[in-house]
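In case you want the letters, here they are:
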Amino acid sequence: MMAEAGAGGPRLAELLALGRRLWDELEASTEPSSGAPAVQDKVRQGLDALQRATAMVAQLELFSENEELEEIASADLKFMLLPALLGGLTLKQVDLSRRREHLESAREHFLRFLKLCRNYGLGSFQLPPGSAGEEKTESPQDPAQPNLVAMAMSRAAKIERYKQKKELENKLASMRSSVESGTADEDQIREFYILQIQKWISTSLEEIESIDQELVILRSRDAPRQAPAGPRGPSRPARTPVKPFILTRDAAQARVFGAGYPGLPTMTVDDWYEQRRKQGIVSQQGFGKPGSPPCPSLPAGASDEELQKQQQETEEKEDDEEALRKARSWDDWKDTHPRGYGNRHNMG
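Definitions and limits used
- Every chain is numbered independently, its residues counted from 1 as its sequence is written.
- Since the coordinates come from a predicted model, pLDDT governs what is reported: local features require at least 70, and pairs of side-chain atoms require 80 or more to be given and counted, while whole-chain, interface and lining totals use all residues.
- In computing side-chain properties, one takes all heavy atoms of the structure into account and sets aside hydrogens as well as water.
- What counts as an axis is a line fitted to C-alpha atoms, over the stretch in contact for a helix, and the angles between N-to-C directions run from 0 to 180 degrees.
- Secondary structure elements are taken from DSSP: a helix is a run of H or I of four residues or more, a strand is a run of E of two residues or more, and numbering for both begins at the N terminus.
- Put simply, angles under 35 degrees are roughly parallel, angles over 145 are roughly antiparallel, angles from 65 to 115 are roughly perpendicular, and the rest are oblique.
- Crossings are classed by handedness, with left-handed meaning an anticlockwise turn of the near helix from the far one by less than a right angle and right-handed meaning a clockwise turn.
- Whether two residues touch is decided by their heavy atoms; if any such pair falls within 4.5 Å, the residues are in contact.
- Under this grouping Gly is polar, as are all residues other than the nonpolar Ala, Val, Leu, Ile, Met, Phe, Trp, Tyr, Cys and Pro and the charged Asp, Glu, Lys and Arg.
- Partly exposed residues are those whose accessible area sits between 20% and 50% of the maximum for their type, while under 20% is buried and over 50% is exposed, using a 1.4 Å probe and protein chains only.
- One side-chain nitrogen of Lys or Arg within 4 Å of one carboxyl oxygen of Asp or Glu is enough to make a salt bridge.
- Within 3.5 Å is the distance limit for a polar contact, defined as a pair of N or O atoms, with the added protein rule that one can donate a hydrogen and the other accept it, and that residues adjacent in sequence qualify only through two side-chain atoms.

**Student:** Describe the packing of helix H4 (residues 82–91) against helix H5 (residues 99–119), naming the residues involved and giving the relevant values.
**Tutor:** Running from N to C, H4 and H5 cross one another at 165°; their axes reach a closest spacing of 7 Å. If you check the angle between H4 and H5, you find them roughly antiparallel. H4 and H5 meet at a crossing whose hand is left-handed. Residues Pro83, Ala84, Leu86, Gly87, Gly88, Thr90 and Leu91 of H4 form the contact with H5, whose participating residues are Arg99, His102, Leu103, Ser105, Ala106, His109, Phe110, Arg112 and Phe113. Split into classes, the residues belonging to the contact of H4 with H5 amount to eight nonpolar, six polar and two charged.

Structure, rendered in structure tokens:
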């Protein structure tokens, strides 16, 4: 393995070193915006270098599922970080129109790194939910209980990873100078790279959890846009709005109600029927007030004036008959009820 990596030339190591250096510069950058041209230019350069290095590692077959960690040369361990660094740089892209694509791509890089580490027995961790090869635990307890247990285990795992990450960072800081200066022996170099891998395991688990939360939000936001339009029935023709009005019995009432309700137009019953007749809603024959019988004495082709005159005479006749009936009833009541009837207590 060592010979093959060396045969690949220093170029492979140089590509990894370039990508790692650009990553460190981006992490320590003081640019106010991650979308600044200088920042995004470094992101593109780093991604290009790491992708080329990944292709060379795959061509050289540096890592295999059939070998143990001890079989990997110490100088080759650092190339295991390529997928993790690719995931980290992918997340630093700021094109909002491709945000979901970048999140899914970064998740794949982190997941590939975690699977590689687990294959070599580096770190004790479980793959994120929904990943191929994820361990599934079943419990015969109450359905609500496994969720609580899983939440408690997840919280404890996060706390433990945070503590380990801080310890790893302190160790790496103390060992970095000797490794980079070339004064460290092979055991120290091997330990240094393994510590870096373990640190990135914690980072990858945290990033995947964050990615999954953001993907849920993006998918729920994009769902209404992608939903197919359902079958729709024939659209109904729009109705012409009817203006409000006060229906009065005659012109006198129209003047009274019009004075009291200046905001509403008024019309008489005759005007209302005439309007409906012109619109073809009611026929001229049988034209009259609602509830009143048609005028049999007029021919079908009678004019509007004749119809109105006949209607007025009918109304006057009805009014006279009603007044006569009330007068007769009042006379009958006075005959049987003398003046002062019922006022028995007011003797004065």
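**Student:** Explain H4 to me, and be specific about the residues and the numbers.
**Tutor:** Counting buried positions over the ten residues of H4 gives ten, a clear majority of the element. The set of residues buried in H4 consists of Leu82, Pro83, Ala84, Leu85, Leu86, Gly87, Gly88, Leu89, Thr90 and Leu91.

**Student:** Please give an account of the pattern of salt bridges that cites residues and values.
**Tutor:** Per the counting criterion, the structure on display carries 13 salt bridges. Where Arg176 meets Glu180, a salt bridge forms, and the shortest distance between an N and an O atom there is 3.7 Å. With Arg176 and Glu180 both in helix H6 (residues 144–181), this residue pair falls four residues apart, about one helical turn. What makes Glu180 exposed here is its relative accessible area of 60%. Through salt bridges that share partners, Arg21, Glu25 and Lys42 make up one connected network.

**Student:** Before we move on, could you go through the packing of helix H3 (residues 37–60) against H4 and cite the residues and values that matter?
**Tutor:** Where H3 meets H4, the closest approach of the two axes is 10 Å, and the angle between their N-to-C directions is 155°. Compared by their axis directions, H3 and H4 come out roughly antiparallel. Once H3 is placed against H4, the crossing between them reads as left-handed. Only Leu82, Leu85, Leu86, Leu89 and Thr90 of H4 make contact with H3, whose side of the interface consists of Val43, Gly46, Leu47, Leu50, Gln51, Ala53, Thr54 and Val57. Its residues assigned to classes, the contact of H3 with H4 shows nine nonpolar, four polar and no charged.

**Student:** Can you tell me about the side chain of His109, naming the residues and giving the values?
**Tutor:** Relative to the helices and strands, His109 resides in helix H5. Judged by its relative accessible area of 14%, His109 falls in the buried class. A distance of 3.0 Å separates a polar atom in the side chain of His109 from a polar atom in the side chain of Arg112. Dropping the residues within four chain positions of it, His109 is found in contact with Pro83, Leu86, Gly87 and Thr90.

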